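# Residue-level structure breakdown
Take a look at the letters that make up each chain.
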2 protein chains.
Amino acid sequence: MFTATTTAPVNIACIKYWGKRDTKLILPTNSSLSVTLDQDHLRSTTTSRADPTFTKDRLWLNGVEEEIKPVGRMATCIAEMKRLRKELVEKDSSAPPLSTYFVHIASFNNFPTAAGLASSASGFAALTASLAALYELPSAPTELSLIARQGSGSACRSLLGGFVAWNAGTLDSGLDSHAVQIAPETHWPDIHALICVVSDTKKGTSSTSGMQRTVETSPLLQHRIKHVVPQRMQDISAAILAKDFDRFAEITMADSNQFHAVCLDTSPPIFYMNDVSRAIIAVIEEYNRVGLLPENGGKRKAAYTYDAGPNAVIYAPAAHIKEIISMIVHFFPQQETFNDPFGLFGAAGVTAALAPGFNANVAKTWEAGSVKSLIHTKVGDGPRRLGQEHSVLGDDGFPKYLKQ
Amino acid sequence: MFTATTTAPVNIACIKYWGKRDTKLILPTNSSLSVTLDQDHLRSTTTSRADPTFTKDRLWLNGVEEEIKPVGRMATCIAEMKRLRKELVEKDSSAPPLSTYFVHIASFNNFPTAAGLASSASGFAALTASLAALYELPSAPTELSLIARQGSGSACRSLLGGFVAWNAGTLDSGLDSHAVQIAPETHWPDIHALICVVSDTKKGTSSTSGMQRTVETSPLLQHRIKHVVPQRMQDISAAILAKDFDRFAEITMADSNQFHAVCLDTSPPIFYMNDVSRAIIAVIEEYNRVGLLPENGGKRKAAYTYDAGPNAVIYAPAAHIKEIISMIVHFFPQQETFNDPFGLFGAAGVTAALAPGFNANVAKTWEAGSVKSLIHTKVGDGPRRLGQEHSVLGDDGFPKYLKQ
C-alpha cells in the first residue's frame with residue numbers, strides 16, 4: 001500500500017504578501033516573511049495514497065469531496081508532484097511507477113473554518129508534503145515550496161519552520177520565487193502568538209480578488225513594493241537573527257498597517273479590520289507606550305498583525321503573554337473558556353487585569369463575544385511525517401470521516 | 001462706532017490637506033481643493049469692533065471668552081490684519097487709525113460643536129473677513145486667505161465661494177500659499193451635499209498632531225505628496241470646469257481613501273473612520289456600481305468624503321439627493337426629524353427606499369441613531385458682509401449672548 005500522512009503548519013506574515021505579478025504561477029509583486037506556528041496547536045493533516053485500482057484523482061477536505069478542476073490549483077500541484085516522481089523513477093527503475101497511478105487525498109484542519117484562519121496555506125503545504133512523502137522525493141523544502149506556491153501563494157512559507165521568507169524572485173518562470181528559512185524555530189523559541197478571533201458579520205473581499213484590485217487601482221502600492229518592502233525584509237531578517245523583539249515588533253506592526261493602508265487606497269476600497277480590530281490595536285499600542293518608557297525598559301512588548309480579515313495575531317515574548325491575555329480579557333470579556341495550553345492561569349481560569357501605568361481609556365469594555373476566542377501558540381517547526389496510525393484515509397482508500 | 005459683521009462658510013475638501021512643511025506659518029506639504037458650502041445652512045457669524053476705549057484685544061466664541069495667547073494663531077491673524085490697516089492709513093491720512101485701537105470680536109457658529117464639523121475653517125475665515133470689513137481693506141480674498149491660513153490651514157479656502165484650490169506654494173515666506181477660486185458656485189450650482197453626522201464614542205487624534213505624526217512616520221505620504229496629488233489637482237480642476245460629476249466623484253472618493261490610508265500608514269496608526277463610516281462607503285459604492293451599469297447611464301451618481309472624523313459628506317447632483325437620503329435612511333434609521341431645507345419630502349417626512357437593482361446586502365440595518373442626523377446643503381458663495389442689525393456684539397461692545 002503506497003500511502004503517507006503529514007501535518008503542516010499555519011504561518012502568519014510579518015511582512016505581508018499582497019499583489020501578484022503572475023496570477024497563473026502565483027508570483028508575488030513583493031517578498032514577504034512569516035512566522036510558522038506550532039502544529040501542536042494548529043495544523044492541517046493530510047494523507048495521500050496512490051493505487052493502481054483508483055479510477056481518478058480525488059480529494060476530500062474536512063470530509064467533503066472537492067472537485068479537482070482540470071486547470072485549477074489543486075490539479076497543478078498534483079501534476080507537478082507526479083512530474084517529480086516521474087523524474088525519480090526515470091533515474092531509478094526499481095522505484096514503483098507511482099506517478100502513473102491515481103491518488104486519493106484526504107485533509108483535515110484541526111481549527112474551525114469559522115475561526116477565520118487562512119487554511120489554504122497549511123492545506124496546500126500539507127498536500128505538497130504528503131505527496132512528497134508518498135513519492136519519496138529527495139526534494140528540499142525550498143524546492144517543494146515552488147509547488148505549494150502554485151496552490152496558494154502563502155502556502156510556500158508553510159513548508160518550513162521558524163522564520164521564513166518568500167523571495168519574490170524576478171524570473172518569469174517563477175523558479176526563484178520560493179521560501180527560504182531565515183532562522184529555525186529553535187533559534188528564537190521565545191516567540192509566542194495569541195490569536196484573537198474577532199466576530200464579523202460582514203463578508204469580506206476574497207484576498208485573491210482583493211489583491212488584484214489593489215494592483216490595478218492603488219497609486220501607493222507601487223511605492224510600497226519598490227521602496228518600502230525590500231528594506232523591511234532586510235531589517236526584519238536582521239532583527240530575527242539578533243532576536244531583537246523591539247525592532248521585530250516595530251516592523252511587523254508598520255507592515256500590517258501599510259498592507260491595510262494599500263487596501264484602503266484601492267478602488268473601491270477594501271476594509272478587513274473592523275472597530276474591534278482597531279480597539280485591539282489601540283490596546284497594544286498603549287501597552288507598548290508603557291513598555292517604551294525608560295523606567296520600564298524602553299522596549300516594545302507585543303506586536304499586532306492582521307491578515308485579510310478582522311482577527312488579530314499578537315506576537316510577544318513568552319514572558320509577556322499572560323499579561324497580554326489578561327489585558328485583552330479586560331477589554332474583551334470572553335464567553336468561551338480559554339484553552340490554556342501553556343498552563344498560565346491554573347484552575348481558576350483567566351483573570352482580567354491591566355499592567356501598571358496602562359491608560360484604560362484607550363478602549364471601552366466591549367460586550368462579551370466581540371472577541372470570540374483566544375488561541376495561544378508559539379513559533380514551530382515545518383511539516384511532520386506521521387505514522388500510518390494517523391492516516392485520515394481508511395484501508396479502503398476513502399476518508400475515515402465524512403461530513404454528514 | 002467702528003464695527004463690521006460678516007458670515008463665512010464651511011468648506012469640505014475633495015483633495016485633502018494633510019501635513020505641514022512649516023508648522024508656524026501653516027504651509028502645507030501638498031495642495032488641496034474644496035467645495036464651499038452654502039452659508040444659508042452652515043456658517044460662522046463674526047462681529048469685530050475697534051474702539052479707543054477698549055483696554056485689550058478680546059474674543060468670544062459661542063458666547064465664551066477665549067484667551068488670545070501672545071504668539072498664538074488668533075493673535076497672529078489679528079496682528080496681520082492690523083498691519084494691513086496701518087499700511088492703508090499710511091497711504092490715506094484721512095482714514096481713522098483703527099489699527100491703534102484694541103478690538104472686541106464675537107463669533108457664533110450656527111451648527112453644534114457636537115456635529116463634529118470642523119468649525120476652525122469657517123471661524124478663522126469669518127474672523128479675517130470681519131476685520132477686513134472693519135478696516136475697509138481693499139484686499140482681494142486670495143490676499144486675505146494668506147492671513148486666514150495662519151489661523152487654521154483650511155480656513156484659507158473658506159474665503160472664497162464655489163470650488164477652491166489652496167496652492168501649496170514653494171516660498172519659505174508662504175506668500176504663494178493661498179486660496180484661488182477654480183470656479184464660482186454659479187458655474188456648477190447643481191452640486192449638493194449631504195452630511196451624515198456619525199456617532200462616535202472614541203476621542204479622535206487632533207488633526208494638528210495627527211498630520212505631523214504622518215509626516216514623520218508614513219513611508220507612503222511622500223509618494224502621495226510628490227506623485228499623486230499634483231495630478232489629481234489638475235484632473236479634478238478639469239472635471240469641475242467641465243462639470244463632469246463622474247470624474248469629480250471618482251477623484252474625490254479616491255483621495256478621501258488615500259488620506260485615510262496614509263493615516264493608517266502612520267505609527268502609531270490613526271483611525272478616523274469607524275464601522276458606520278465604512279458602511280456608508282459600502283452603500284455609496286453599491287449605489288455607484290448600479291449607476292455605472294450601461295443601462296443606467298454608466299456614471300457615478302454620488303461621492304463620499306471623510307475628514308479627520310467619522311462623518312461622511314456625500315456630494316451629488318441635486319437630482320439624486322432625494323434618492324440618496326432615502327437610501328441612507330434605509331440603512332441608518334433616523335431618530336431626529338430630517339430638516340428638509342429643499343422641501344424634497346413634503347409633510348410626511350423622509351421615507352426609506354432603495355434604488356432599483358441595489359444589492360441591500362452590502363450593509364446591515366443599523367440601530368437608530370448610528371447616523372445621528374443628516375444635513376442637506378449645496379455649494380455656496382464666499383464670506384458675506386451683513387448689516388449692523390446682525391451684529392453679535394451689543395452697543396456696549398460685548399457679546400449679545402453669553403453662554404450661561
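Here the structure is shown first, and the text comes after it.
Residues numbered from 1 in each chain as written. Chains lettered and ligands numbered in written order. Predicted model: local features only at pLDDT ≥ 70, side-chain atom pairs only at ≥ 80, totals over all residues. Heavy atoms only, no water.

Across the interface, helix α6 (residues 245-264) of chain A lies against helix α6 (residues 245-264) of chain B with an axial gap of 8 Å and an inter-helix angle of 180°. In terms of orientation, α6 of chain A and α6 of chain B fall into the roughly antiparallel class. Residue-level inspection shows Asn257, His260, Ala261 and Leu264 of chain A of α6 of chain A in contact with α6 of chain B, the latter providing Asn257, His260, Ala261 and Leu264 of chain B. In the contact of α6 of chain A with α6 of chain B, the residues fall into four nonpolar, four polar and no charged. (Axes fitted to C-alpha atoms, helices over the stretch in contact; angles between N-to-C directions. Helix = DSSP H or I, 4+ residues; strand = E, 2+ residues; numbered from the N terminus. Parallel < 35°, antiparallel > 145°, perpendicular 65-115°, else oblique. Contact = heavy atoms within 4.5 Å. Nonpolar A, V, L, I, M, F, W, Y, C, P; charged D, E, K, R; others polar.)

It is worth spelling out the sheet that holds strand β10 (residues 163-166) of chain A at this point. Residues and elements named next belong to chain A. Here we have four strands laid out as an open sheet, ordered β2-β5-β10-β11, and antiparallel in their pairing. Where the open sheet ends on each side, the last strands, each with one partner, are β2 (11-15) and β11 (179-183). For this sheet, the mean angle separating the axes of adjacent strands, direction not counted, is 35°. The pairing of β2 with strand β5 (residues 32-36) spans four bridges and is classified as antiparallel. Residue pairing in the sheet places isoleucine 15 in a bridge with leucine 33 of β5. Set on the sheet, α6 makes contact with β2 and β5; between it and β2 the angle comes to about 95°. (Pairing = 2+ DSSP bridges.)

Tallied over the entire structure, the rule returns one cavity of 30 Å³ or more. Taken together, 16 residues line the largest cavity, and the ones lying closest to its centre are Leu264 and Phe271 of chain A together with Leu264, Phe271 and Met273 of chain B. Breaking the lining of the largest cavity down by element, the ones donating at least two residues are α6 of chain A together with α6 of chain B. Within the lining of the largest cavity, the residues separate by chemical class into 12 nonpolar, two polar and two charged. (1 Å grid on protein atoms, 1.4 Å probe; cavity = no way out; pocket = protein on both sides within 12 Å on 5 of 7 lines; lining within 4 Å. Points joined across faces, edges and corners; volume = space filled by probe spheres on them.)

Okay, the packing of aromatic side chains next. Applying the stated rule across the entire model yields 30 aromatic pairs over all chains. A centroid spacing of 5.7 Å and a plane angle of 35° characterise the contact between phenylalanine 163 of chain A and tryptophan 188 of chain A, whose relative ring orientation is tilted. Linking phenylalanine 163 of chain A in strand β10 with tryptophan 188 of chain A in the loop between β11 and β12 (191-198), this pair joins segments that are 25 residues apart in sequence. No difference in accessibility class separates phenylalanine 163 of chain A from tryptophan 188 of chain A, as the two residues are buried. For the pair phenylalanine 248 of chain B and tyrosine 315 of chain B, a centre-to-centre distance of 6.0 Å together with 65° between the ring planes defines the contact as edge-to-face. Of this pair, phenylalanine 248 of chain B sits in helix α6 while tyrosine 315 of chain B sits in strand β14 (residues 312-317), placing them 67 residues apart in sequence. With relative accessibility at 0%, the residue phenylalanine 248 of chain B sits in the buried group. When its relative accessible area of 0% is taken as the criterion, tyrosine 315 of chain B is described as buried. What links up through ring pairs into an aromatic cluster is the set Phe163, Trp188, Phe245, Phe248 and Tyr315 of chain A. The residue whose ring lies beneath lysine 364 of chain B is tryptophan 366 of chain B, and the NZ or CZ to ring-centre distance is 4.3 Å. (Phe/Tyr/Trp six-rings, centres within 6.5 Å; stacked < 30°, edge-to-face > 60°. Buried < 20%, exposed > 50% of the residue type's maximum accessible area, 1.4 Å probe, protein only. Lys NZ or Arg CZ within 6 Å of the ring centre and 35° of its normal.)

Honestly, that's just the spatial picture; any functional story needs more than this.
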